[in-house]
Amino acid sequence: MSESAATTVHEAYAFACMRCGYGWEQAYEIEHHVDGANNDFVIYKADGERVPSPLSWPTCTNCGGHVVRIMRAGRVSAVQRLLDNPQPTRSAIEDSGAREGEAVAAAGAPAGAGHHWHLSDLLHPFHRK
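Here goes a summary of the coordinates provided. (Residues numbered from 1 in each chain as written. Predicted model: local features only at pLDDT ≥ 70, side-chain atom pairs only at ≥ 80, totals over all residues. Heavy atoms only, no water.)

1. Details of the nonpolar core
And then number 1: With 12 residues, the main nonpolar core is built from Y13, F15, C17, Y22, W24, Y28, I30, Y44, A46, C60, V68 and I70.
And then number 2: Of all the secondary-structure elements, those providing two or more residues to this core are β1 (7–17), β2 (22–34), β3 (40–46) and β5 (68–72).
And then number 3: It is β2 that contributes the most residues to this core, four residues altogether.
And then number 4: In this structure, C60 is in contact with C17, C20, Y22, W24, G65 and V68, ignoring residues within four places of it in sequence. (Core = buried A, V, L, I, M, F, W, Y, C linked by side-chain atoms within 4.5 Å. Buried < 20%, exposed > 50% of the residue type's maximum accessible area, 1.4 Å probe, protein only. Helix = DSSP H or I, 4+ residues; strand = E, 2+ residues; numbered from the N terminus. Contact = heavy atoms within 4.5 Å.)

This is the structure:
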C-alpha cells in the first residue's frame, strides 16, 4: 500500500490529573495521512517520538492515572504566572486564559513540555477568601 504525503500541524495541550493533581503541558506534531485505500489516519508525535493520541486515553505522566483534564495550551503556565504575582486582577486572570471550564484546543500554542505543577497550585487563584 502506498500512502500520500503527510500534512503536519502543530498543537499543544495542557493537562491536569484529577487523581494526583499533577499538571503539565505538551506540544505535538500531528501528521495527517491518507492510505492506499483512501482512508484518513493520524499520527501523533511528541518530542520526535510517535505517541498515542492524547485525546483518546490521556495518561498522567506522574501517577499513570487516566482521569486527566485536557485544556488549551498555556493554562498551566498562565496559572503559574498568576501564582508568581500575589495580587492578580480579574482582567489579568481573564487575559491570561486561566478561566476554568474550557476544553481542548488550538494550533500554534506555545510548546511547554517541561512545565509541571500540582492541581492545588492551578486552582489556588480561583479560591475566594
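Still more to cover.
2. Remarks on the environment of P52
And then number 1: Relative to the assigned elements, P52 resides in the loop between β4 (49–51) and β5.
And then number 2: Note: C-alpha distance between P52 and V42 (10 residues apart in sequence) is 9.9 Å.

3. A short note on the packing of aromatic side chains
And then number 1: As enumerated under the stated definition, the model contains five aromatic pairs in all.
And then number 2: Ring plane angle 85° and centroid distance 6.1 Å describe the contact between Y28 and Y44, whose orientation is recorded as edge-to-face. One end of the pair, Y28, is in strand β2; the other, Y44, is in strand β3, and 16 residues separate them in sequence.
And then number 3: Taking relative accessible area as the criterion, Y44 reaches 13% and is therefore assigned buried.
And then number 4: An aromatic cluster is defined as three or more aromatic residues linked by ring pairs; in this entry it consists of Y13, F15, Y22, W24, Y28 and Y44. (Phe/Tyr/Trp six-rings, centres within 6.5 Å; stacked < 30°, edge-to-face > 60°.)

4. Describing the pairing of β2
The two faces of a sheet get side chains in turn, since along a regular strand they alternate between them.
And then number 1: Relative to β2, β1 runs antiparallel, the two sharing 10 bridges. Counted as the bridge partner of T7 is H32 from β2.
And then number 2: Once β1 ends, the chain turns through four residues before running back antiparallel as β2, passing G21 with a positive phi of about 85°.
And then number 3: Pairing of β2 with β3 involves six bridges; the strand directions are antiparallel. Within β3, the residue paired with I30 across the bridge is Y44. (Pairing = 2+ DSSP bridges.)

5. With respect to the pattern of salt bridges
And then number 1: Following the criterion strictly, the structure yields one salt bridge and no others.
And then number 2: A salt bridge links E31 to K45; its shortest N-O distance comes to 3.3 Å. Taken together, the positions of E31 in strand β2 and K45 in strand β3 put the pair 14 residues apart, joining distant regions of the chain.
And then number 3: The exposure class assigned to K45 is partly exposed, which follows from its relative accessible area of 25%. (Salt bridge = Lys/Arg side-chain N within 4 Å of Asp/Glu carboxyl O.)

6. Topic: the environment of E11
And then number 1: Mapped onto the secondary structure, E11 falls in strand β1.
And then number 2: Residues E11 and E29, spaced 18 residues apart in sequence, show a C-alpha to C-alpha distance of 6.6 Å.
And then number 3: Here Y13 takes part through its side chain, which lies 2.3 Å from a polar atom of the side chain of E11. (Polar contact = N/O pair within 3.5 Å; in protein donor to acceptor, adjacent residues only side chain to side chain.)

7. Focus on the state of the cysteines
And then number 1: This model, assessed by the stated rule, comprises zero disulfides.
And then number 2: With no disulfide partner, C17 has as its closest neighbouring cysteine sulfur the one in C63, 3.7 Å distant.
And then number 3: Residue class for C17 comes out buried when judged on its relative accessible area of 0%.
And then number 4: The thiol of C20 is unpaired, and the distance to the nearest cysteine sulfur, on C60, comes to 3.7 Å. (Disulfide = S-S within 2.5 Å.)

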